[in-house]
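Summary of structural features
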Amino acid sequence: MVSKRQKFLTVILVIVLAIVIVGGVFGISYMKGDVTFPWQLVETEAKKEEVKEPAKEQKELKVTVKEPKSTEQDKEVAKEEPKEEKEQEPVKEPAALADGDSTGATLDYYGALHVEDGTLVDNTGKAVQLTGVSSHGLSWFPEYVTADSIKSLRDNWGINVIRLAMYTSDYNGYCVGGQDIKDTLKENIDEAVKAATDNDMYVIIDWHILNDSNPNEYKADAIQFFGEMVRKYEDNDNVIYEICNEPNGDTTWEDIKAYANEVIPVIRNVNKDALILVGTPKWSSDLDSVLDAPLDFDNIMYTYHFYAGSHKSSARNALTNALEEGLPVFISEYGFVSADGDGAVDSKEAAKWQEVIDEYQLSSCIWNLSNKAEGSALIASDCDKTADLQYDDLSEQGQYFFDMLKDNTKQTKSNTEKRR
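Keep in mind the model is a prediction, meaning the values are calculated, not measured. (Residues numbered from 1 in each chain as written. Predicted model: local features only at pLDDT ≥ 70, side-chain atom pairs only at ≥ 80, totals over all residues. Heavy atoms only, no water.)

1. Topic: the side chain of Asn 199
Assignment of secondary structure puts Asn 199 in the loop between helix 5 (179-198) and strand 5 (202-208). Judged by its relative accessible area of 15%, Asn 199 is buried. Every residue in contact with Asn 199, bar those within four places of it in the chain, is listed here: Lys 151 and Arg 154. (Helix = DSSP H or I, 4+ residues; strand = E, 2+ residues; numbered from the N terminus. Buried < 20%, exposed > 50% of the residue type's maximum accessible area, 1.4 Å probe, protein only. Contact = heavy atoms within 4.5 Å.)

Right, here's the structure in full:
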């Protein structure tokens, strides 16, 4: 029989063993960090709070670093600011002006043109005036109708029209030179039309009859040529068609009318609004014959040519009489020298002709853009440059023309200031 003392000792032993076992387990758990004492809860909460603070700081940093949006906005602002500065800067002259002498002129480009009551007008009905130069024969001086040359004329001289003189029957003419010549001439025309278009200029495609005298001699070629040209440049408002340069010899106005009545419909069938220039008898100087029997087409102008050294008051009277009668006239060729294209400038007669041109706001092209050794060439014969010409590179007539453009610019500016 177990005594009470033994029972007590046994209970004590069990308790001690239980304490040892629990203590051992607890100790091991504590060492592993799986147990948190009550007094450690405060510290843990404090540590959590401490951890939250850096987290907050990171969040704030994220907002400040998160600047793609503000950076893009800054870029946009930065883009706009230089633009504003650029607008405030004075307008710079074209780069070409640093190389070639300039008249200071910038003649207008008016868009599509038409004839109204004998006057050349824009699409609003306002009278307009074209001022420019005519090339010499494209077969002989093609280097003056390149893109660089035409851009230089626009930038430095300020003109707004160039005439492309394509001879028909003279040496290497379109109708006598063979297929290679035809192809080359059309390439020259295409380059010039593109250059004129790029520089806001008008361009006249001139069927330049001369030795063939009567336009009917190569009428079939003319019909084919203008049919091709008008289809190619149908959408160009700046292309003008001159269907015969200077009918001469025994050619009558009736001959020219018969030719025009076949060629003009070829152009009109494709472009009903194209501006067409028609030559007149006696090297484009007989306007009286036209007054008696004008063509029955719209947007037609009749060409008149003069050379100040040979054509004086009687020629001017013939022109002004026709203008007063309401005949639409375009001076597609003129010079300040003699009618043979040579000689010195007749400045006295040239000034009188210029007065008529200004009074009636006549459109005109001076003959000729080349360095040929003759008085009518605008460039000195010893000058090989084709662009960015200096004043000293010009012939006597070239300098006279340059000065005229410059004086007209000054006068225009003066009149504008007075109106203010």
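Continuing now.
2. Regarding the nonpolar core
Core analysis: the largest hydrophobic core is formed by 88 residues, its most contacted members being Trp 157, Trp 207, Ile 243 and Val 278. Counting residues in hydrophobic clusters, the runner-up holds 14 residues, among them Leu 120, Val 128, Leu 130 and Leu 275. (Core = buried A, V, L, I, M, F, W, Y, C linked by side-chain atoms within 4.5 Å.)

3. Overview of the confidence of the model for the protein
Residues with a pLDDT of 70 or more make up 74% of the protein, whose mean pLDDT is 84. Below a pLDDT of 50 lies the segment residues 29-98, which in the model reaches 17 contacts outside its immediate sequence neighbourhood of four places, other chains included. (pLDDT = per-residue confidence, 0-100.)

4. Digging into unusual backbone geometry
Note the cis peptide between Trp 367 and Asn 368, where omega equals 5°. Along the chain, Asn 368 falls in strand 10 (residues 364-369). Even without a glycine there, the phi angle at Asn 299 is positive, about 55°. One can find Asn 299 in the loop between helix 9 (288-292) and strand 8 (300-307).

5. Remarks on the environment of Ala 195
With respect to the secondary-structure elements, Ala 195 resides in helix 5. By relative accessible area, Ala 195 is classed as buried at 4%. When the C-alpha atoms of Ala 195 and Ser 149 are compared, they prove to be 9.0 Å apart, with 46 residues separating the residues in sequence. Not counting chain neighbours up to four residues away, the residues in contact with Ala 195 comprise Ala 147 and Ile 150.

6. Considerations on the side chain of His 305
For His 305, the location among the structural elements is in strand 8. Only 2.7 Å separates the side chain of His 305 from the side chain of Glu 246, close enough to count as a polar contact. Setting aside residues no more than four positions away along its own chain, His 305 makes contact with Arg 163, Glu 242, Asn 245, Glu 246, Trp 283, Ser 284, Ser 332 and Glu 333. (Polar contact = N/O pair within 3.5 Å; in protein donor to acceptor, adjacent residues only side chain to side chain.)

7. Considerations on the pairing of strand 4 (residues 161-167)
Regular strands show a simple pattern: their side chains alternate between the two faces of the sheet. Burial analysis of strand 4 places seven of its seven residues in the buried class, the great majority of the element. Across the two faces of strand 4 the burial is the same, with Val 161, Arg 163, Ala 165 and Tyr 167 and Ile 162, Leu 164 and Met 166 all buried. In this sheet, strand 4 lies alongside strand 3 (residues 131-135) in parallel orientation, the contact comprising three bridges. Along strand 4, the bridge assignment pairs Val 133 with Ile 162. Crossover strand 3 to strand 4 through helix 4 (residues 147-157) is right-handed. The pairing of strand 4 with strand 5 spans seven bridges and is classified as parallel. By the bridge assignment for strand 5, Met 166 is matched with Trp 207. On the question of chirality, the crossover connecting strand 4 to the parallel strand 5 by way of helix 5 is right-handed. (Pairing = 2+ DSSP bridges. Right-handed = clockwise from strand over helix to strand, strands pointing away.)

8. Remarks on helix 6 (residues 219-232)
The terminal C-alpha atoms of helix 6 lie 20 Å apart, and with 14 residues this matches the ideal 20 Å at 1.5 Å per residue to within 8%. Within the sequence span of helix 6, burial applies to Ala 222, Phe 225, Phe 226, Gly 227, Met 229 and Val 230. Packed against the buried residues of helix 6 are strand 4, helix 5, strand 5, strand 6 (239-242) and helix 7 (253-268). (Expected span 1.5 Å × (residues − 1).)

9. Overview of the sheet that holds strand 4
Strands in a sheet are paired, the pairing made by backbone hydrogen bonds, and the direction either parallel or antiparallel. Taken together, the eight strands give a closed barrel; going around it, the order is 3-4-5-6-7-8-9-10, and neighbouring strands pair in parallel fashion. For this sheet the average axis-to-axis angle between neighbouring strands, irrespective of direction, equals 30°. Pairing of strand 9 (residues 329-335) with strand 10, which is carried by two bridges, proceeds in the parallel orientation. By the bridge assignment for strand 10, Ile 331 is matched with Ser 364. (Axes fitted to C-alpha atoms, helices over the stretch in contact; angles between N-to-C directions.)

10. Focus: the pattern of salt bridges
Scanning the model with the defined rule gives 15 salt bridges in all. Put simply, Lys 186 and Glu 228 hold a salt bridge, and the shortest N to O gap is 3.1 Å. Placement of the pair is Lys 186 in helix 5 and Glu 228 in helix 6, with a sequence separation of 42 residues. Residue Glu 228 is classed as partly exposed on the basis of its relative accessible area of 29%. For Lys 385, the salt bridge goes to Asp 393, with nearest N and O atoms at 2.9 Å. Within the structure, one salt-bridge network assembled from shared partners comprises Arg 163, Asp 206, Glu 242 and Glu 333. (Salt bridge = Lys/Arg side-chain N within 4 Å of Asp/Glu carboxyl O.)

11. Some remarks on the packing of helix 10 (residues 313-324) against helix 11 (residues 347-359)
Packing of helix 10 against helix 11 leaves a shortest axis separation of 11 Å and a crossing angle of 5°. One element, helix 10, and the other, helix 11, form an angle in the roughly parallel class. In this structure, helix 10 uses Ser 313, Ala 315, Arg 316, Leu 319 and Thr 320 to contact helix 11, whose residues at the interface are Glu 349, Lys 352, Trp 353 and Val 356. Per-class residue counts for the contact of helix 10 with helix 11 are four nonpolar, two polar and three charged. (Parallel < 35°, antiparallel > 145°, perpendicular 65-115°, else oblique. Nonpolar A, V, L, I, M, F, W, Y, C, P; charged D, E, K, R; others polar.)

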